[in-house]
Number of protein chains: 2
Amino acid sequence: MNQINKYIEDNKDRFLDELFGLIRIPSVSSKSEHRADMQSAAEYLKSSLLDAGADKAQVIPTDGHPVLYAEKIIDPSLPVVLVYGHYDVQPAEPFELWKSPPFEPEIRQGRIWARGADDDKGQLFMHVKAFEYMVSFDILPCNVKFMIEGEEEIGSPSLGKFCRANADKLKCDIILVSDTSMIGKDVPSITTGLRGLSYLETEVIGPERDLHSGLYGGAVINPVNVLTKMIASLTDEKNRITIPGFYDDVLEASPKEREEMAKAPFDVERYKKQIGVEDLGGEAGYSAIERTGIRPSIDVNGIWGGHTGEGAKTILPSTAHAKISMRLVPNQSSKKIDELFIRHFKSLAPPGVKVRTKVLHGGEGYVFPVDHPAYLAASLAYEETFGKKPVPFRSGGSIPIISLFEQVLGVKSILMGFGLESDAIHSPNENFPLWNFYKGIETIPLFYKYFIEKAE
Amino acid sequence: MNQINKYIEDNKDRFLDELFGLIRIPSVSSKSEHRADMQSAAEYLKSSLLDAGADKAQVIPTDGHPVLYAEKIIDPSLPVVLVYGHYDVQPAEPFELWKSPPFEPEIRQGRIWARGADDDKGQLFMHVKAFEYMVSFDILPCNVKFMIEGEEEIGSPSLGKFCRANADKLKCDIILVSDTSMIGKDVPSITTGLRGLSYLETEVIGPERDLHSGLYGGAVINPVNVLTKMIASLTDEKNRITIPGFYDDVLEASPKEREEMAKAPFDVERYKKQIGVEDLGGEAGYSAIERTGIRPSIDVNGIWGGHTGEGAKTILPSTAHAKISMRLVPNQSSKKIDELFIRHFKSLAPPGVKVRTKVLHGGEGYVFPVDHPAYLAASLAYEETFGKKPVPFRSGGSIPIISLFEQVLGVKSILMGFGLESDAIHSPNENFPLWNFYKGIETIPLFYKYFIEKAE
């Protein structure tokens, strides 16, 4: 057994205990009732990083939730790796679908079950422990900075300003992030693309109060009926998005690129089984992996209106609501798409209803070149611990801040995700395999080693 | 001041106190948590009717909520008027929109504000007090029976069986009902038609859990996207219902009938203002009063799926739900429409989702002939107290039990409603003007008087 494996073996229970302490703090960034928890989670990480060997660590206030900044500068002439992560989590609702309480982590079947077990508390804690290992054996090959925010799940509204204000402090050579997934347990992968996001909430407003659906039904425009028509019309029979101008900035992938993508290991039957559906769907002319990797998409994330409780209430609802988001591909601007959506959606409403749409969240897509030194370093690290070269992979997810880092700090981010698609992030029963957690801790120090070698 | 007006004047506060006692019981039939309240409301009416002069009154159990039956038989050879009403009410949600608590009646601006103030506690209580008046002055001209059920708002599932089992006990010459509205405060009207109802709840089932909308969006069929397409397709660009066979049994109104309907006083501008909309809508080629009176309609009464709370949760929901109801015109069968809907709706779903639809509630439409003795009696009664002849009116609402009475008991029901459209029944801030409440008590005894004259 080599040095890192022995260190993990000797400390594995403590690592979990420490991670569990962080998970138990219900740091749900989208809910105002959790404001105090956000502060607690940041403070918890501050202690963790100081214990792990940081020279200094600060909980820095922002207009929203605080950012945890920490650093260890061993030699100002050496390169700097900046670790980015987030301590905030998605809401855990619906609670009744969880097999164990979302904020009370439990080990079952070799996995940690809890909100944030993977996204992103579990994954960012791998970095804290890998850092601790390198410090304690005095093998840290460069300077390290940590920037852990509390608003990733709501679109990082304060982090742009934070980065601009602290550009000097955040100077670095590469940003290292574990907030993505591997293609499969045995298929290490490096995320080389992310989609952008436009997330809006809309309200269709009809009569000033709920009406009796018998006395008024047929003569008064029903906002829910209308909303369904408006949403339905946003895609055509080929599942292409009908918003005028929507595809204007989409760069079509070349036949060569699509050929390369088709080589990635992807088992459609296993994919369907994993999520419990008999069939997939999506834009005509593209494979499933292309539909999430290189094509934009539109999803209703939530819809509500009228009587949603038990029984039959015969009302014509006064209002109808939906949360609608679009995933964008690199080169689409989320701001532009927001505007196109709002204008088009309003134009779909018949007279007799009003429409109010607001932007909740957004960010741009991202591409990482496979010949970058950080890509090569990550590839060597994976190869050493997994026994095989990682696969470059365009993810369907969005980490809006990644493209912002490039704009503001001028630095690329290498996305070394150790999660699995079966981790059910954003869903009930989120989980993270212990194997992946420890594998991450084992792989990360090798990235540092090879990155410094490549950078020299 | 004549005898009835003096009686009302002398007793008006007591009448309200007694009605308020009934309103304070939150007898919401659709919610299992109110089971005990249903029994209490029936018992309350039992006492009220015994106090008012009934010979006997019984709370009779059914498979659902109990029926209150009471009678006063003054001479078995005389005709029998059977008063029908219901003590159950619609749910009061959303509570936050009420200006005063729904089950704590309050008098403001000359109106009673509470759930059930009009529908139907206020209106049925007029009959209890009119009966009390006739008994106390010994001017009751015939026998009277009361049948007050507790399941009208959920489609009267137990009353058919109850009527069949008690057909002898319920024998009568006319059924008298106040559960409808007048066209306007100064326009007394008799409801000569009701629409039928098919009320269904449907669920579209996609992946087995909520998925991350980035990782899966575009490749996995989103049940909410699908549900909006399915609902949207149920009506065409003329707002006609597209379910195959839906209009097969609809009897088109003759030009003559439509001409008569167009004479009814109906102020579109006032109607729009009353409900706070700038425009109406509905089936092309029909007026607003026709769209609710003689044409079927389809309304989503409720819709829900995915994240409906605060903030931006980026999920692709696992399921989507809707409550959808259709108002039917006489001659359409709600059972047949249920079946047509279920079959058609299922056929709209793409592979990759499952659809489950169940019937929640239903009933048939109804027509009352304007040359019936009860119509003539009601007309004379209104003329005497309102100073003008009432207008025959086809209501858009449904009282499924009315057509069932005709089938099971072979008796017509005369619909003498004293409510107003502004009473906001089924909505927050339901109310009932005191003027209408007392006017009802004044008018009802005259119906008895003229009906016996006509019947003799």
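The structure we're discussing is the one just above.
None of the values given here were measured: they were computed from a predicted structure. (Residues numbered from 1 in each chain as written. Chains lettered and ligands numbered in written order. Predicted model: local features only at pLDDT ≥ 70, side-chain atom pairs only at ≥ 80, totals over all residues.)

Draft legend 1. Representation of the packing of helix H1 (residues 3–23) of chain A against helix H2 (residues 35–52) of chain A in the model. All names here are of chain A. The contact between H1 and H2 brings their axes to 9 Å, and the two run at 160°. In this view, H1 runs roughly antiparallel relative to H2, as classed from their interaxial angle. Of H2, the residues touching H1 (which contributes Glu18, Gly21 and Leu22) are Ala41, Tyr44, Leu45 and Ser48. When the residues that make up the contact of H1 with H2 are grouped by side-chain class, the tally is four nonpolar, two polar and one charged. (Axes fitted to C-alpha atoms, helices over the stretch in contact; angles between N-to-C directions. Helix = DSSP H or I, 4+ residues; strand = E, 2+ residues; numbered from the N terminus. Parallel < 35°, antiparallel > 145°, perpendicular 65-115°, else oblique. Contact = placed C-beta atoms within 7 Å. Nonpolar A, V, L, I, M, F, W, Y, C, P; charged D, E, K, R; others polar.)

Draft legend 2. Spatial organisation of the sheet that holds strand S13 (residues 319–328) of chain A. Spatial strand order, S14(A)-S9(A)-S13(A)-S11(A)-S11(B)-S13(B)-S9(B)-S14(B): eight strands in an open sheet with antiparallel pairing. At either margin of the open sheet sits one strand with a lone partner, and together these are strand S14 (354–363) of chain A together with strand S14 (354–363) of chain B. Averaged over all pairs of adjacent strands, the angle between their axes in this sheet comes to 20°, without regard to strand direction. Here 10 bridges tie strand S9 (residues 196–205) of chain A to S13(A), and the two strands are oriented antiparallel to one another. Looking at S13(A), one finds that Leu197(A) is bridged to Arg327(A). (Pairing = 2+ DSSP bridges.)

Draft legend 3. Examining the pairing of strand S1 (residues 56–60) of chain B more closely. Residue and element names in this part refer to chain B. Across five bridges, the pairing between S1 and strand S2 (residues 67–72) is antiparallel. Note on S2: the bridge partner recorded for Ala57 is Ala70. Adjacent in sequence and paired antiparallel, S1 and S2 are bridged by six residues.

Draft legend 4. Representation of the relation of the copies chain B and chain A in the model. With an RMSD of 0.0 Å, the operation that places chain B on chain A is a rotation of 180° combined with a shift of 0.0 Å along the axis. The transformation relating the two chain copies, once decomposed into turn and shift, fits a two-fold axis. When the interface residues of chain B are mapped onto chain A, 100% of them are again interface residues, pointing to one common binding face. (Least-squares fit on C-alpha atoms with pLDDT ≥ 70 in both.)

Draft legend 5. Layout of the interface of chain B and chain A. Taken together, the contact pairs 83 residues of chain B with 83 residues of chain A. Looking at the side of chain B that touches chain A, the elements with two or more residues in it are strand S10 (211–212), helix H5 (213–216), helix H6 (223–232), helix H9 (288–293), strand S11 (297–306), strand S12 (315–316), strand S13 (319–328) and S14 of chain B. It is S11(B) that contributes the most residues to the side of chain B that touches chain A, nine residues altogether. As paired elements, strand S11 (residues 297–306) of chain A and S11(B) share five bridges and run antiparallel to each other.

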